[in-house]
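Geometric and topological summary
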Amino acid sequence: MAGDSRVLMDHNMEIGVTPAQVKKLPKHLREPQISTERTHLISDPVKKPRQRYVQKDGKCNVHHGNVQETYRYLSDLFTTLVDLRWRFSFLIFTLVYIINWLFFGFLWWLIALIRGDLVHSDEEGWTPCVENLNSFVSAFLFSIETETTIGYGYRVITEKCPEGIILLLVQAILGSIVNAMMVGCMFVKISQPKNRAETLMFSHKAVISVRDNKMCLMFRVGDLRNSHIVEASIRAKLIRSQQTKEGEFIPLNQTDINIGFDTGDDRLFLVSPLIISHEINEKSPFWELSMAQMEKEEFEIVVILEGMVEATGMTCQARSSYLDTEVLWGYRFTPVLSLEKGFYEVDYNNFHDVYETNTPTCSAKELAAKFRDEPLLPQLPLLSPSDPKTHIFDRLSQQDPLSRDEERQERDSAGDRGETNGSAAALEEPPLADGLPD
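As the structure is a prediction and not an experimental result, all values here were calculated from the model.

Further remarks concern the overall build of the protein. If you tally the helices and strands in the protein, you get 11 helices and 14 strands. Counting the 438 residues in the protein, one finds 31% classified as buried. Expressed as a percentage of contacts within the protein between residues at least 6 apart in sequence, the contacts between residues at least 24 apart total 67%. Surface summary for the protein: the accessible area is close to 29,800 Å², and the carbon and sulfur share equals 57%.

Dropping the structure here:
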């Protein structure tokens, strides 16, 4: 056993496997690791801080400057109003109504002034355009009552004022348009699915480790609500600067990262937290990167989760990103799902937690070549070690398939000869009854 373990250790060191247990350093040389309730912060080597393209909360860190054609924003006024911040939305909402009421109040006051209602309003037999309208304040109040359809009954328009009737029709129509636009903007802004994305979680770190003898890049997603995301799908982009063969420099070049588009694994049933895996193969941008090379690279992985909100049917999008310093080599995610009595329970305290695992430090390309040459780990017996059939299985599993076929043919031919020889021997054999005692 000691010899086997020594051979296995030498084999692991030869292919670059990180040992599970590393010899502890002295206390004064060890770096303290800070832990929180949600995650374990892994001490990373000090690198030059770089600017994020997408923040952790999904906001894009891009500002548009020197925009000359600002009139384009006014051509799509509704979207412009919806995209405004809440304080500006409330300000515009209030100003639009106040200016509208003041404008029509001024027109009612102007009609009363031209007709002489402000001068002759107290005379008997005088029929004004609007009864009890004797100042600008009363005209402003009448404008509010007309547009909001309050109708106190104190100030009313008379039938002997055609210009007032036309103004009443115009204010009613324009007031309905203003109400529809402003209330619609507020409703859309309130019901925006951006708030739904707040309950969609992404792990703080991404990890790289071996899955089914293949190097994989993984991160975890989860949904905190009981109402699920319908038609959920996820995709990922690699953001890094690139220089072409012709010498052209492309800043923040975007490259697709396949996380199951061809197999359908990108379509999620997000009832419990899922670990999204990207297989690092020949088409992956990380195919030739080893652990040492990965530490020198500067990149950012942007992940985008899309789907429809079950309650409203509106499309929701949640985003997050991982810098090169947030991709941990040789780690896996801690399981969060456990089986209880009659249900499955998700422990979100472990959602961001990771643990170290044996992982080759070579690139995925080198690892695939080593797997083609020889397996990474020795084959384990399928039966119990105490079962004597295990040794038979090991011996058979180590034989070449051609030698097993030849052995089977020899055994079959020997069996045929044995049946013939057995028949002849039975004829020559004396009867058993002669050898029995009387």
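Grouped together as the largest cluster of nonpolar side chains are 38 residues, with contacts concentrated most on Phe286 and Ile301. Mapped by element, the contributors of at least two residues to this core are strand S1 (200-202), strand S2 (206-211), strand S3 (214-223), strand S4 (229-243), strand S8 (300-309), strand S9 (315-323), strand S10 (327-329) and helix H9 (364-373). When residues of this core are assigned to their parent elements, the largest contribution, 5 residues, is made by S4. Setting aside residues no more than four positions away along its own chain, Phe286 makes contact with Leu217, Leu238, Ile257, His278, Ile280, Met294, Phe299 and Ile301.

The subject of this paragraph is the state of the cysteines. This structure, assessed with the given rule, holds 1 disulfide. Bridging Cys129 to Cys161, the disulfide has an S-S length of 1.9 Å. What sets the handedness of the Cys129 and Cys161 disulfide is the S-S torsion sign, and at about -75 degrees it is left-handed. Taken together, the residues span a long stretch of sequence, with Cys129 in the loop between helix H5 (117-120) and helix H6 (136-147) and Cys161 in the loop between H6 and helix H7 (162-190) at a distance of 32 residues. Both residues of the pair, Cys129 and Cys161, belong to the buried class.

Counted by the stated rule, this structure contains 11 salt bridges. Taking the shortest distance from any N to any O, the salt bridge between Arg52 and Glu326 comes out at 2.3 Å. Taken together, the positions of Arg52 in the loop between helix H1 (2-15) and helix H2 (71-75) and Glu326 in the loop between S9 and S10 put the pair 274 residues apart, joining distant regions of the chain. The exposure class assigned to Glu326 is buried, which follows from its relative accessible area of 12%. Salt-bridge contacts for Glu279 lead to Lys214; the nearest nitrogen and oxygen are separated by 3.5 Å. Within this pair, whereas Glu279 is found in strand S7 (residues 274-279), its partner Lys214 is found in strand S3, the two being separated by 65 residues in sequence. The class for Lys214 is partly exposed, based on a relative accessible area of 41%.

Before going further, it helps to examine helix H4 (residues 86-115). Relative to the 44 Å expected for 30 residues at 1.5 Å per residue, H4 spans 44 Å between its end C-alpha atoms, a close match to the ideal helical length. Burial in H4 covers these residues: Ser89, Tyr97, Asn100, Trp101, Phe104, Gly105, Trp108, Ile111 and Ala112. Downstream of H4 by a residue or two, Gly116 has a phi angle that is positive, lying close to 85 degrees.

Taken as a whole and assessed by the stated rule, the structure comprises 10 aromatic pairs. Their ring planes at 85 degrees and their centres at 5.0 Å tell us that Trp108 and Phe142 sit as a pair that is edge-to-face. In this pair, Trp108 is assigned in helix H4 and Phe142 in helix H6, connecting sequence segments 34 residues apart. Like Trp108, the residue Phe142 is buried in the burial classification. Pairwise contacts between aromatic rings join Phe93, Tyr97 and Trp101 into one cluster.

The next point concerns the environment of Tyr154. Here Tyr154 lies in the loop between H6 and H7. Of the residues examined, Tyr154 reaches a relative accessible area of 52% and is grouped as exposed. With residues near it in sequence (within four places) discarded, Tyr154 still touches Glu131 and Asn132.

This part is about empty space enclosed by the protein. Under the definition given, this model contains 2 cavities of 30 Å³ or more. In this structure, the largest cavity occupies an estimated 60 Å³ of space. Around the largest cavity, the lining residues are Leu81, Leu84, Phe88, Ser89, Ile92, Phe93, Met182, Cys185 and Met186. When contributions to the lining of the largest cavity are tallied by element, the ones reaching two or more residues are H4 and H7.

Conventions adopted
- Starting afresh in each chain, residues are numbered from 1 along the sequence in its written order.
- Per-residue local features are limited, in this predicted model, to residues with pLDDT of at least 70; the limit for side-chain atom pairs, both in listing and counting, is 80 or more; totals at the level of whole chains, interfaces and linings are taken over all residues.
- Side-chain numbers here rest on the full set of heavy atoms in the structure, without hydrogens or water.
- A run of DSSP states H or I qualifies as a helix once it reaches four residues; a run of E qualifies as a strand once it reaches two. Both are numbered from the N-terminal end.
- The buried label applies to any residue whose accessible area, calculated with a 1.4 Å probe on protein chains only, is under 20% of its type's maximum; exposed applies above 50%, and partly exposed to all values in between.
- Should any heavy atoms of two residues lie within 4.5 Å, those residues are considered in contact.
- The method behind every accessible area is Shrake-Rupley, applied with a 1.4 Å probe, and residues are considered shielded solely by the protein chains displayed.
- We define a nonpolar core as any set of buried Ala, Val, Leu, Ile, Met, Phe, Trp, Tyr and Cys residues linked to one another through side-chain atoms lying within 4.5 Å.
- Sulfur atoms of two cysteines make up a disulfide when they are within 2.5 Å.
- Salt bridge, as applied in this entry: a Lys or Arg side-chain nitrogen positioned within 4 Å of an Asp or Glu carboxyl oxygen.
- Helix span, expected: 1.5 Å multiplied by one less than the number of residues in the helix.
- Each aromatic pair joins two rings of Phe, Tyr and Trp (for Trp, the six-membered one) with centres within 6.5 Å, and gets the label stacked for planes under 30 degrees apart, edge-to-face for over 60, and tilted for any other angle.
- With a 1 Å grid laid over protein atoms only, a set of points is called a cavity when a 1.4 Å probe fits there but cannot get out and a pocket when it is open yet has protein on both sides within 12 Å along at least five of seven lines; lining residues have an atom within 4 Å of a point.
- Grid points are joined across faces, edges and corners, and a volume is the space filled by probe spheres set on the points.

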